[in-house]
Amino acid sequence: MKHVLMAVSGPSGAGKGTIVKTLLQRREDVVESVSCTTREPREGEVHGKHYFFLSKEEFFRRIEENDFLEYDEHFGNYYGTPKSFVEETLKTKSVIMEIDVVGALNAKKFFPDCVLVMILPPSIEELKKRLVGRGSETAEEIENRLSRIQYEVSQRDKYDYIIVNDDLETAIAEVSRIFDGE
Ligand code: 5GP
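Residues numbered from 1 in each chain as written. Predicted model: local features only at pLDDT ≥ 70, side-chain atom pairs only at ≥ 80, totals over all residues. Heavy atoms only, no water.

A look at the packing of aromatic side chains
The cut-off we apply is this: Stacked, edge-to-face and tilted labels apply to pairs of Phe, Tyr and Trp rings (six-membered ring for Trp) whose centres lie within 6.5 Å, assigned for plane angles under 30 degrees, over 60, and everything in between, in that order. Only DSSP runs of H or I with at least four residues qualify as helices, and only runs of E with at least two residues qualify as strands; both kinds are numbered from the N terminus onward. Whether a residue is buried, partly exposed or exposed follows from its accessible area with a 1.4 Å probe, protein chains only, as a fraction of its type maximum: under 20%, in between, or over 50%, in that order.
Counting across every chain of the model gives eight aromatic pairs. Between the aromatic rings of Phe52 and Phe85, the centroid separation amounts to 5.9 Å while the plane-to-plane angle is 65 degrees, which identifies the pairing as edge-to-face. Here Phe52, found in strand β4 (residues 52-53), pairs with Phe85, found in helix α3 (residues 83-90); they are 33 residues apart in sequence, far enough to count as distant. Classification of Phe52 by relative accessible area gives partly exposed; the value is 22%. Summarising the aromatic geometry, the rings of Phe68 and Tyr71 are spaced 6.1 Å apart at their centres and angled 55 degrees between planes, so their arrangement reads as tilted. What makes Phe68 buried here is its relative accessible area of 3%.

See below:
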């Protein structure tokens, strides 16, 4: 059986985290990719489980050695998907990555077989309304998030599968079927 590398993206609030978590609980043949980062571990985070925590020197060495499927900088720290971990795991299992649109499209460039799945909420308008209505973010943060949602949704044509999460169980089953079908 062929093992699949899948990137799951979509605006936050669309339910992708729940879908990935549930799928991982149900399928022993799928493993989540563990990213590398140069940021400090937060309380309770375990090296090798939540992230591989690396020094900047080590991270840059790995870039030189071409060991990232993709990498990016967020808030002054570096994050990357380790190619060696993914390739090693794919020998025996499928790998799922919860990753933003930029990271997913980069991963596809380096690994053309990577299957891109976008999870969308039933209504983008509803998601935006909820974000504004929540009142927990500043106007600037809301503006950033809205333009991020806009950007992510605008990239949907580059994805192999679009799943609208209007029913959680159906969405999980659809992602699961992609693993079986690919
Ligand atoms: P945090 O520090 O909160 O765990 O993550 C910060 C940001 O880094 C999040 O937006 C998260 O999606 C992103 N991130 C985590 N791992 C990776 C990765 O392997 N590659 C890329 N491009 N971004 C990542």
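Structure's up, so let's keep going.
A short note on the pairing of strand β7 (residues 94-98)
Our working rule: At least two bridges found by DSSP between two strands are what make those strands a pair.
For β7, the tally of buried residues reaches four of five residues, placing the bulk of the element in the interior. Looking at chain direction, strand β1 (residues 5-9) and β7 are connected through four bridges and run parallel. Considered in β7, the bridge of Ala7 is made with Met97. In terms of strand pairing, strand β2 (residues 30-32) meets β7 through three bridges, oriented parallel.

Focus on the site of the ligand
Test applied: Here a residue counts as near a molecule or strand whenever at least one of its heavy atoms sits within 4 Å of it. Here a polar contact is recorded for every N or O atom pair within 3.5 Å, except that within protein the pair must consist of a potential hydrogen donor and a potential acceptor, and residues adjacent in sequence are included only if both atoms are side-chain atoms. Only the protein chains shown count as cover for residues, and the accessible areas themselves come from Shrake-Rupley with a 1.4 Å probe. Site definitions follow a grid-based scheme: protein atoms alone, a 1 Å grid, a 1.4 Å probe that fits but cannot get out for cavities, and for pockets an open set with protein on both sides within 12 Å along at least five of seven lines, plus lining residues having an atom within 4 Å of a point. A cavity or pocket is said to hold a molecule if more than half of that molecule's atoms lie within 2 Å of its grid points.
The environment of the ligand is made up of Ser35, Arg39, Arg42, Tyr51, Glu70, Asp72, His74, Tyr79, Gly80 and Thr81. Between the ligand and the protein, one listed contact pairs an oxygen atom with a side-chain N or O atom of Arg42 at 3.0 Å. Here a nitrogen atom of the ligand sits 2.7 Å away from a polar atom, N or O, in the side chain of Glu70. Coverage of the ligand by the protein chains reaches 76% of its 520 Å² of free accessible surface. Under a 2 Å grid-point criterion requiring more than half of the atoms, the pocket assigned to the ligand is the largest pocket. Going through the elements one at a time, β5 (68-74) and β6 (77-82) are the ones with two or more residues in the shell around the ligand.

So, the environment of Pro121
Test applied: By definition in these notes, contact holds between two residues if any of their heavy atoms fall within 4.5 Å.
Structurally, Pro121 is set in the loop between β8 (115-120) and α5 (124-134). The class for Pro121 is buried, based on a relative accessible area of 5%. In sequence terms Pro121 and Glu64 are 57 residues apart; their C-alpha atoms lie 39 Å from each other. Every residue in contact with Pro121, bar those within four places of it in the chain, is listed here: Pro11, Ala14, Leu127 and Val164.

Observations concerning the sheet that holds β7
As a general point, the strands of a sheet are linked pairwise by backbone hydrogen bonds and lie either parallel or antiparallel. Here is the rule: Whenever a helix is involved, its axis is fitted only over the stretch in contact; in every case the axis is a line through C-alpha atoms, and angles between N-to-C directions fall within 0 to 180 degrees.
Taken in spatial order, the five strands of this open sheet run β2-β7-β1-β8-β9, and their pairing is parallel. Across the chains shown, the open sheet's two edge strands, defined by having one partner strand only, are β2 and β9 (161-164). Neighbour-to-neighbour, the strand axes of the sheet open up by a mean angle of 25 degrees, direction not taken into account. Packing against the sheet, helix α1 (residues 16-26) makes contact with β1, β2, β7 and β8, and its axis sits at approximately 160 degrees to β7.

By themselves, these figures tell us nothing about what the structure is for.
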